[in-house]
Amino acid sequence: LHTTKELNKALGIRPGSVYSTSLLQERLYFNPHGRDVSSIYMDDGYLFFHVEPVEVGVEGNQIDLELRVHEGTQATVNQVTIRGNHYTHEEVIRRELKVLPGDKFSRAKLIRSQRELAMLNIFDPSKMQVVPLPNAANNTVDVLFKVKESLRFDAKVGFNISPGSPLAAFVDVGANNFSLANALRWKVPI
């Protein structure tokens with residue numbers, strides 16, 4: 001699917017570079033500083049992609065490396081499930097998702113969806129999980145978004161004193177994701 005030149009560019013390891021298995025794994029599967037080989041395939045639907053690095057020759061202080069690529073077939077998103085939203089309406093969450101049933105699988109869209117949900121400021125980002133559940137038998141993947149709402153209530157009390165005016169007081173109470181309709185049918189979160 002991709003040329004050796006494209007894959008070598010994503011790998012970013014040149015002849016004469018110091019051999020590091022941890023750097024090799026990072027550049028193959030998850031490079032925090034840019035694209036890696038697996039992202040090229042997984043962003044194009046190839047969820048079942050696999051690459052196997054094989055040392056084919058060791059001579060002196062040099063290693064010849066061969067990367068055996070198994071592309072597999074493109075996967076389609078089957079279901080998108082959301083768990084953990086007790087107060088927030090599901091539509092609020094779904095409108096932020098970039099992954100939809102029937103779409104071609106994309107790791108970049110999963111990451112973007114998670115980032116968009118975190119930017120809502122109604123979920124605890126440290127408890128949020130995106131779990132792909134692949135089914136190789138029919139080339140589909142179900143995606144589970146696990147969220148944990150972080151309820152934030154604000155209360156402010158203040159006084160205003162002006163010469164010649166009576167004392168004024170105010171109370172301000174607010175919540176970031178409160179719904180009176182959901183509060184009336186409240187259930188204990190699990």
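Residues numbered from 1 in each chain as written. Predicted model: local features only at pLDDT ≥ 70, side-chain atom pairs only at ≥ 80, totals over all residues. Heavy atoms only, no water.

**Q** Could you give me a rundown of the packing of aromatic side chains, with the residues and numbers involved?
**A** By convention here, two paired aromatic rings are described through the distance between centres and the angle between planes. Overall, the coordinates contain 2 aromatic pairs when judged by the stated rule. Pairing Tyr41 with Tyr46 gives two aromatic rings, centres 6.1 Å apart and planes at 85°, and the pair type is edge-to-face. Here Tyr41 matches Tyr46 in class, with each residue buried. Seen in terms of ring centroids, Tyr41 and Phe49 are 4.4 Å apart; in terms of plane orientation they differ by 10°. Their pairing is stacked. Here Tyr41 and Phe49 have matching classes, each one buried. Through a chain of ring-to-ring contacts, three or more aromatic side chains come together here, namely Tyr41, Tyr46 and Phe49. (Phe/Tyr/Trp six-rings, centres within 6.5 Å; stacked < 30°, edge-to-face > 60°. Buried < 20%, exposed > 50% of the residue type's maximum accessible area, 1.4 Å probe, protein only.)

**Q** So, a nonpolar patch on the surface: which residues are in play, and what are the values?
**A** Residues Val157, Phe159, Ile161, Leu167 and Val171 make up a contiguous nonpolar surface patch of roughly 620 Å² in combined accessible area. Secondary-structure assignment places Val171 in strand β7 (residues 168–175). The exposure class of Val171 is exposed, given its relative accessible area of 65%. (Patch = residues over 30% accessible without salt bridge, like charges linked within 9 Å, V, L, I, M, F, W, Y side chains within 5 Å. Areas by Shrake-Rupley, 256 points an atom, 1.4 Å probe, with all protein chains shown as cover. Salt bridge = Lys/Arg side-chain N within 4 Å of Asp/Glu carboxyl O. Helix = DSSP H or I, 4+ residues; strand = E, 2+ residues; numbered from the N terminus.)

**Q** Break down the environment of Ala136 for me, citing the residues and quoting the values.
**A** Relative to the assigned elements, Ala136 resides in the loop between β4 (129–135) and β5 (140–146). Remark: the alpha-carbon pair of Ala136 and Phe48, spanning 88 residues in sequence, is separated by 7.5 Å.

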